[in-house]
Amino acid sequence: MFRRCHAVRLMLVLAFASLLQGCDIDLYTNLSEREANAMVAVLLREGVPASRKVQENGQLTVVVDEKRFAEAMSLLDEAGLPGQTFSNMGAVFKNNGLVSSPVQERAQMVYALSEELSHSVSLIDGVVSARVHVVLPDNDLLKRVISPSSASVLVRYDPNTDINPLIPQIKTLVANGISGLSYEGVSITVIKAATGSRRVDAPPRLASFLGIWMLEDYLPRARMLFGVLLLATLSMVGVLGWQYWQRRSSSALYELEDVK
């Protein structure tokens, strides 16, 4: 009897696992461990069921309930996740075996500076994302008037952050990162990141069903699945009982005939 109960319990666990897995959908793929952990932490803190799985190439995928896909995307966008990816000087100027023209080298330099500075600004606490657009003077010695270097910075910041004290620091950081660029030559545009109308500060709610802990959102489906399995089990028991009764009746009938 104990083995049968244990087997039924195991069947329920496997059925619940298959049910929940079938409702999941990939949210982001090819993530590092740090990125995946940050995303899952944000979603769980907001009450959205999420998990991560390892891909064949060793990177991670974040999966969520298919019905809450749009909500998960909105929450991650508010949190600035996944983070921006930036190129560095080494990647931009990687030797490809070809001779670069002065125009190409200049374009690479401008792009590399923009990426490096954008990355540095985005690391400041309270900054959700940042882009730095760099303008360098032409290297034309025949020009009488040479335009000075300049930079335009777009900052998207967290609504809970006071951005005003950060603006001088950002301008100083960008100005010191470009040769010949003055503090006045840096312009900054700040935009407050949008926030959703619903924020859930409480941790995800868990519920116990037949000794199995699960997210409260899955409880109705678990009960429905249990009802189906219970009905199937009762039907099987009824069929086995009827077959057993038929065999007993046949055996009793044979015994009476033998007595006669």
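Rules used throughout
Residues numbered from 1 in each chain as written. Predicted model: local features only at pLDDT ≥ 70, side-chain atom pairs only at ≥ 80, totals over all residues. Heavy atoms only, no water. Helix = DSSP H or I, 4+ residues; strand = E, 2+ residues; numbered from the N terminus. Buried < 20%, exposed > 50% of the residue type's maximum accessible area, 1.4 Å probe, protein only. Areas by Shrake-Rupley, 256 points an atom, 1.4 Å probe, with all protein chains shown as cover. Salt bridge = Lys/Arg side-chain N within 4 Å of Asp/Glu carboxyl O. Pairing = 2+ DSSP bridges. Axes fitted to C-alpha atoms, helices over the stretch in contact; angles between N-to-C directions. Contact = heavy atoms within 4.5 Å. Parallel < 35°, antiparallel > 145°, perpendicular 65-115°, else oblique. Left-handed = near helix turned anticlockwise from the far one by under 90°. Nonpolar A, V, L, I, M, F, W, Y, C, P; charged D, E, K, R; others polar. UniProt positions renumbered as here; feature names shortened; annotations may be inferred. Expected span 1.5 Å × (residues − 1). Arc of directions from axis to C-beta. Core = buried A, V, L, I, M, F, W, Y, C linked by side-chain atoms within 4.5 Å.

A. Here's a closer look at the overall build of the chain. Of the regular secondary structure elements, the chain holds 7 helices and 8 strands. Taken over 260 residues, the chain has a buried fraction of 28%. Put simply, the chain shows about 17,700 Å² of open surface, and 59% of that area lies on carbon and sulfur atoms.

B. Local environment of the pattern of salt bridges. For the coordinates displayed, the defined rule picks out 5 salt bridges. Ionic pairing is found between Arg131 and Glu115, a salt bridge with its closest N-O pair at 3.0 Å. Of the two residues, Arg131 is situated in strand 4 (residues 127-135) and Glu115 in helix 5 (residues 102-122); the sequence distance between them amounts to 16 residues. With relative accessibility at 4%, the residue Glu115 sits in the buried group.

C. Summary view of the environment of Gly126. With respect to the helices, strands and loops of the structure, Gly126 is situated in the loop between helix 5 and strand 4. When the C-alpha atoms of Gly126 and Ile163 are compared, they prove to be 7.8 Å apart, with 37 residues separating the residues in sequence.

D. Molecular detail of the sheet that holds strand 1 (residues 24-31). Strand order in the open sheet made by the 3 strands is 1-3-2, with antiparallel pairing throughout. Since the sheet does not close on itself, it has two edges, and those belong to strand 1 and strand 2 (50-54), each with one partner. Here the average twist between neighbouring strands, direction ignored, is 25°. The strands touched by helix 2 (residues 33-45) are strand 1, strand 2 and strand 3 (60-65); relative to strand 2, the strand with the most contacts, the crossing angle is about 160°.

E. Focus on the packing of helix 2 against helix 3 (residues 69-78). In contact at an axis separation of 10 Å, helix 2 and helix 3 are set at 115° when each is read in the N-to-C sense. Overall, the two elements helix 2 and helix 3 adopt an arrangement that is roughly perpendicular. Remark: the crossing between helix 2 and helix 3 carries right-handed chirality. Between helix 2 and helix 3, the contacting residues are Met39, Val42 and Leu43 on the first element and Ala72, Leu75 and Leu76 on the second. Per-class residue counts for the contact of helix 2 with helix 3 are 6 nonpolar, no polar and no charged.

F. Just the pairing of strand 3, in detail. Most of strand 3 sits out of view: 6 of its 6 residues are buried. Relative to strand 3, strand 1 is paired through 5 bridges, and the arrangement is antiparallel. Each bridged residue has a counterpart across the sheet, and for Ile25 the counterpart in strand 3 is Val64. Sheet topology note: the strand 2/strand 3 ladder contains 5 bridges and is antiparallel. Note on strand 3: the bridge partner recorded for Ala50 is Val64. Where strand 2 folds back on strand 3, the antiparallel hairpin that results is connected by 5 residues, among which Gly58 adopts a positive phi of roughly 90°.

G. Unusual backbone geometry, seen in detail. With phi around 55°, Asn30 is a residue other than glycine that occupies positive phi space. Inspection of the secondary structure puts Asn30 in strand 1.

H. Highlighting the UniProt feature "transmembrane region" (unreviewed entry) in the chain. Under the local residue numbering, the UniProt record ascribes the feature "transmembrane region" (unreviewed entry) to residues 224-245. With 100% helix and 0% strand, the stretch residues 224-245 has end C-alpha atoms that lie 31 Å from each other.

I. Just helix 2, in detail. With 13 residues, helix 2 should reach 18 Å at 1.5 Å per residue; the first-to-last C-alpha distance of 18 Å fits that figure. All of the buried residues in helix 2 are Ala36, Met39, Val40, Val42 and Leu43. What you see down the axis of helix 2 is that its buried residues fit within an arc of 160°, all on one side. Pointing more than 90 degrees away from the buried face of helix 2 are the exposed residues Glu33 and Arg34. Once helix 2 finishes, Gly47 follows within two positions and takes phi at roughly 85°, a positive value.

J. Structural view of the nonpolar core. Ranked by size, the top nonpolar core spans 21 residues in total, and within it Val132, Val134, Val155, Val174 and Ile178 carry the most contacts. Of all elements in the fold, only helix 5, strand 4, strand 5 (150-157) and helix 6 (166-177) reach the threshold of two or more residues within this core. Not counting residues up to four positions away in its chain, the partners in contact with Val155 are Val121, Val127, Ser129, Ile163, Ile170, Ile188, Thr189, Val190 and Ile191. One finds Leu27, Val40, Ala50 and Ala72 within the second-largest nonpolar core, a separate group that totals 16 residues.

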